[in-house]
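Structural characterization, general
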Amino acid sequence: MHTEPSRPHTLSDFTTALDKLRGSVLTMASLTKKNLQNAIQGLFERDDDFCNHSIADDEEIDLLEIQIDREGIEVMSRFQPVAKDLREVISSIKIGANIERVADQAVNIARRARKLNEHPELPELHLLDPVIKLSLEMFEDAIRSFAERNASLAVELKARDKSLDRLNKEVTDELINRMQDDSTNLPAYLNMIFISRCLERIGDHSANIAEDVVFAVRAEDIRHLGK
Amino acid sequence: MSTEEHPIQIPNSTARPLELTDDFSPGETNFIKVDNFKFFYGKKEALHGINLEIPSRRVISFIGPSGCGKSTLLRNFNRMNELIPGVRHEGDITIHGTSIFDPSVEVIALRRRIGMVFQKSNPFPMSIYENIVYPLRIAGQGDRSVHDETVERCLCSAALWDEVKDRLHDSALGLSGGQMQRLCIARAIASSPEILLMDEPCSALDPIATAKVEELIIELKKDFTIVIVTHNMQQASRVSELTAFFYLGNLVEFDETRKIFTNPSKLQTEEYITGRFG
Amino acid sequence: MKPKPLHFFSSPKGETSFFRLLRNRFLTGLCIALSLLTLVPLISIVILVIRNGLPLLSMNLFSQLPPAPGLEGGGFGNAIMGTLVMVGISLLLAVPLGVFSAVYINEYAPVSPVSSAVRFVAKLLTGIPSIICGVFAFAAVVMTSHHFSAIAGGVALAILILPIILLTTEQALMGVSSAYREASFGVGATAFQTIWRIVLPDAMPAIMTGVMLAVSRAAGETAPVLFTALFSQNWITSVLEPTASLSVLIYNFASLPYAYHIKLAWSASLVLVTVVTMTNILAQLIFSPKHR
């Protein structure tokens with residue numbers, strides 16, 4: 001494992017192709033982040049427009065996922081990358097798939113938000129605040145660790161995923177209690193539980209991205225350890 | 001595997017000719033042992049103290065940019081470098097515990113125990129049959145039945161028998177490039193060596209012929225210790241279990257091929273195999 | 001010149017191309033003319049020799065002895081025989097010496113001072129006039145043995161052809177791919193086995209071509225045999241006595257004032273030219289490389 005900045009390839013096309021693949025992953029990530037923010041804005045500002053944006057823009061992200069796969073395959077067939085180049089390509093493809101799932105969760109959140117918007121606002125919505133904060137942070141940090149090839153940041157994400165799971169469970173339990181007290185708003189509470197669940201999934205995907213980053217940078221496989 | 005350590009030197013006092021078959025144990029870990037080996041072309045030092053242990057019945061790749069010393073080391077295993085005037089060496093190479101430079105070791109006998117395949121296929125301008133029989137003839141073996149048996153065995157081992165069995169007495173120079181190289185492999189194993197040295201054996205072959213030779217190398221691993229010099233990274237990762245990376249006359253890294261090509265531990269190795277220099 | 005219509009392949013300056021083509025045609029024509037010119041002396045010689053040599057040509061020429069001066073009839077069988085014997089002697093001496101020297105300087109010690117010396121002397125010897133070879137053999141063999149002899153003639157011719165054989169053999173050995181040597185050493189052959197079983201067989205066609213060249217050279221030379229083997233009117237009975245040769249016969253008879261002898265000399269020339277040409281052609285045909 002080498003942390004030194006690597007020299008460019010003798011074959012400059014190779015470097016260009018790897019950079020392009022990396023650029024596509026980062027583009028996809030920032031679009032996804034925006035979709036996620038739109039969905040959450042739609043949720044809190046009770047504005048369906050934001051939600052609709054989030055849902056509509058998902059198509060672009062799907063196309064980017066396909067593009068990343070194509071670029072990765074092209075790099076592999078043209079340059080037969082080995083060592084860190086190979087790990088980078090494999091990781092990029094896997095990260096692309098994980099980002100796409102994050103974007104799907106953004107769509108799910110947007111859909112649930114639209115349903116919540118049909119009913120009067122409930123104060124319990126703010127129960128979700130810490131879950132949203134942590135999951136968004138995790139996604140941002142996962143992408144940052146990829147952009148900066150920062151393996152230690154990525155390793156640390158796995159620990160945060162555990163606290164996110166715990167938060168989700170707490171929020172869900174609380175919402176179930178409310179459902180028993182206030183059965184008239186049962187569908188709204190149910191939607192909130194689903195949203196919390198979506199955010200928890202985003203945390204899982206972020207952790208997966210972090211694992212791929214660690215593999216790309218350190219050639220270590222940290223998946224399914226200690227289970 | 002660390003190349004810095006010097007495990008206990010097997011004493012050379014009981015020098016004996018290099019006859020390995022009787023007490024040869026497969027899977028020996030330090031079958032070929034290179035011990036602080038330096039090699040000079042005139043004043044130029046081409047190898048700077050190489051330490052390397054090669055296990056038996058494995059395929060070992062030597063990789064590195066041109067002029068890194070990988071071929072030089074390979075050609076020392078059967079002392080082919082001695083044909084060049086003005087060369088000398090320091091240090092030692094032992095095979096199965098016997099120094100190949102020991103005065104009691106005849107270089108002719110050594111080369112019979114160590115077959116060599118060259119970059120450019122070089123069958124003799126004789127028939128296919130005579131090419132394979134040549135190592136026997138020069139060793140004084142004149143028995144026709146032994147000849148016939150050896151020709152069939154070696155051509156089968158080299159996966160060439162079915163292609164040439166009907167024209168054994170035709171000139172070897174009428175074969176295709178890939179067939180010629182497989183014939184050279186057959187010739188190299190005719191004297192029943194323990195070790196096969198291959199100096200870029202596929203660099204002049206098309207992909208299909210290359211694949212056949214690689215297939216053959218993997219097959220031959222059962223019976224031979226194979227050291228292959230290659231400039232083709234994919235070839236090294238396809239055929240070999242161990243890979244040694246040489247640079248500027250030094251052994252930079254020696255490890256499992258899988259490790260070298262996914263996660264090498266030296267920056268120079270990484271930069272070379274990923275195409276960043278060389 | 002009428003300006004041509006421009007098209008895709010027109011050069012920007014139309015005229016340059018015209019003069020370039022003209023010069024090209026002119027030079028091509030000149031080369032053809034000159035090479036035809038060189039054929040003139042060659043063909044003239046052949047025609048002259050055939051025209052003058054053919055009338056007397058019969059089987060008798062090969063089986064009979066030359067006539068005494070002033071007489072007619074007879075042939076030059078003894079001269080043909082003498083030439084064959086002396087060329088044979090020269091080959092016996094020069095081929096082993098030349099081939100083995102070449103093997104030494106090319107295979108065993110290509111860069112040693114001895115090899116450089118041998119190579120240098122051989123090149124020097126090729127330039128030495130043939131009469132010097134004759135003088136040397138006269139001094140070394142005739143003076144010491146007090147006899148003109150076929151041996152002395154053979155020695156003179158051997159000195160003449162030794163450098164040819166040595167140098168062509170060296171070239172032949174150099175032409176053997178070093179990959180063969182490597183392959184042979186690689187399977188455990190000794191240097192001798194490699195040379196004997198691989199290098200020499202592969203070089204053989206080229207070596208034999210050199211030997212044949214030497215034969216034709218030796219058969220045609222007059223000066224070395226002129227005062228070493230001298231001449232004889234009789235059949236050769238021993239290699240220790242003066243011996244007739246075709247070239248000396250031509251030299252002798254052409255200067256005689258008898259018409260018949262001059263005709264005989266023409267016929268001998270025809271035979272000599274034919275033999276030399278046939279040897280050359282045979283060398284090309286028989287020993288042309290088979291494997292490549």
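Preceding this paragraph is the structure being described.
A brief structural summary. (Residues numbered from 1 in each chain as written. Chains lettered and ligands numbered in written order. Predicted model: local features only at pLDDT ≥ 70, side-chain atom pairs only at ≥ 80, totals over all residues. Heavy atoms only, no water.)

1. Here's the deal with the interface of chain B and chain A
Condition: Contacts are assigned to residue pairs that have any heavy atoms within 4.5 Å of one another. We define a salt bridge as a contact between a side-chain nitrogen of Lys or Arg and a carboxyl oxygen of Asp or Glu at a distance within 4 Å. Pairing of N or O atoms within 3.5 Å defines a polar contact, subject to two protein rules: one partner must be a possible hydrogen donor and the other a possible acceptor, and residues neighboring in sequence count only if both atoms are side-chain atoms. For helices the rule is a DSSP run of H or I covering at least 4 residues; for strands it is a run of E covering at least 2, with both sets numbered from the N terminus onward. Here the nonpolar group is Ala, Val, Leu, Ile, Met, Phe, Trp, Tyr, Cys and Pro; Asp, Glu, Lys and Arg are the charged ones; every other residue, Gly included, is treated as polar.
Taken together, the contacts link 15 residues of chain B with 18 residues of chain A. Taking the shortest distance from any N to any O, the salt bridge between A:D85 and B:R276 comes out at 3.1 Å. Joining chain B to chain A, the criterion identifies seven residue pairs in polar contact (both at pLDDT 80 or more). Per element, the largest residue contribution to the side of chain B that touches chain A is four residues, and it comes from helix α10 (residues 267-273) of chain B. Looking at the side of chain B that touches chain A residue by residue, the classes come out as five nonpolar, six polar and four charged.

2. Observations regarding the side chain of B:E253
All names here are of chain B. Position of E253 relative to the elements: it lies in strand β10 (residues 250-256). Among the polar contacts made by the side chain of E253, one reaches the main-chain amide nitrogen of S265 at a distance of 2.7 Å. A distance of 2.7 Å separates the side chain of E253 from the side chain of T269, its partner in a polar contact. Leaving out residues up to four positions away in the same chain, E253 has contacts with T243, A244, F245, I260, P264, S265, K266 and T269.

3. Re empty space enclosed by the protein
Residues and elements named next belong to chain C. Cut-off, in case you're wondering: Site definitions follow a grid-based scheme: protein atoms alone, a 1 Å grid, a 1.4 Å probe that fits but cannot get out for cavities, and for pockets an open set with protein on both sides within 12 Å along at least five of seven lines, plus lining residues having an atom within 4 Å of a point. Grid points are joined across faces, edges and corners, and a volume is the space filled by probe spheres set on the points.
Evaluation of the coordinates by the stated rule reveals two cavities of 30 Å³ or more. Counted as a void, the largest cavity has a volume near 50 Å³. In this structure, the second largest cavity encloses a volume near 40 Å³. Mapped onto the lining of the second largest cavity, the elements with two or more residues apiece are α3 (77-108) and α8 (191-220). Considering every element that reaches the lining of the second largest cavity, the biggest residue donor is α3, with three residues. Here the residues of the lining of the second largest cavity are counted per class, giving six nonpolar, three polar and one charged.

4. Comments concerning the packing of helix α1 (residues 12-44) of chain A against helix α4 (residues 129-148) of chain A
Residue and element names in this part refer to chain A. Spelled out, the test is: To define axes, lines are fitted to C-alpha atoms, for helices over the stretch in contact only, and angles between the resulting N-to-C directions are given on a 0 to 180 degree scale. By definition in this entry, angles of less than 35 degrees are roughly parallel, angles greater than 145 are roughly antiparallel, angles of 65 to 115 are roughly perpendicular, and the rest are oblique.
One can describe the packing of α1 onto α4 by two numbers: an axis separation of 10 Å at closest approach and a directional angle of 170°. One element, α1, and the other, α4, form an angle in the roughly antiparallel class. For the pair α1 and α4, the contacting residues are R22, V25, L26, A29, T32, K33, L36, I40 and F44 in the first and D129, I132, L136, F139, E140, I143, F146 and A147 in the second. Among the residues forming the contact of α1 with α4, the class breakdown is 12 nonpolar, one polar and four charged.

5. Comments concerning the packing of aromatic side chains
Selection criterion: Pairing of aromatic rings covers Phe, Tyr and Trp, the last through its six-membered ring, and needs centres within 6.5 Å; plane angles under 30 degrees mean stacked, over 60 mean edge-to-face, and all others mean tilted. The buried label applies to any residue whose accessible area, calculated with a 1.4 Å probe on protein chains only, is under 20% of its type's maximum; exposed applies above 50%, and partly exposed to all values in between. The rule is short: NZ of Lys or CZ of Arg within 6 Å of the ring centre and within 35 degrees of the ring normal puts a charge over the ring.
Tallied over the entire structure, the rule returns 14 aromatic pairs over all chains. Relative to B:Y247, the ring of B:F245 has its centre 6.4 Å away and its plane inclined at 10°; by these criteria the two rings are stacked. What makes B:Y247 partly exposed here is its relative accessible area of 22%. Ring geometry for C:F138 and C:F227: centres 6.0 Å apart, planes at 70°, overall edge-to-face. Taken together, the positions of C:F138 in helix α5 (residues 130-145) and C:F227 in the loop between α9 (223-226) and α10 (246-254) put the pair 89 residues apart, joining distant regions of the chain. Members of the aromatic cluster, each reached through a chain of ring pairs, are B:F37, B:F39, B:Y41 and B:F101. Taking the ring centre of B:F124 as reference, the NZ or CZ of B:R187 above it sits at 4.5 Å.

6. A few points about the interface of chain C and chain B
In many reports, interface size means the accessible area that the parts give up when they come together. Quick reminder of the rule: Summed over both partners, the accessible area lost on bringing two parts together, with a 1.4 Å probe, is the buried area.
Counting from both sides, the interface comprises 17 residues of chain C and, opposite them, 20 residues of chain B. Taken over both partners, the interface formed by chain C and chain B buries close to 1,800 Å², and the fraction arising from carbon and sulfur atoms is 66%. The interface formed by chain C and chain B includes one salt bridge. Residue C:E182 pairs with B:R75 through a salt bridge whose shortest N-O separation is 2.8 Å. Joining chain C to chain B, the criterion identifies four residue pairs in polar contact (both at pLDDT 80 or more). Secondary structure elements with two or more residues in the side of chain C that touches chain B: α7 (178-186) and α8 of chain C. A per-element tally of the side of chain C that touches chain B places α7(C) first, with seven residues. For the side of chain C that touches chain B, a count of residues per class yields seven nonpolar, seven polar and three charged.

Read these as layout, nothing more, since geometry by itself doesn't imply function.
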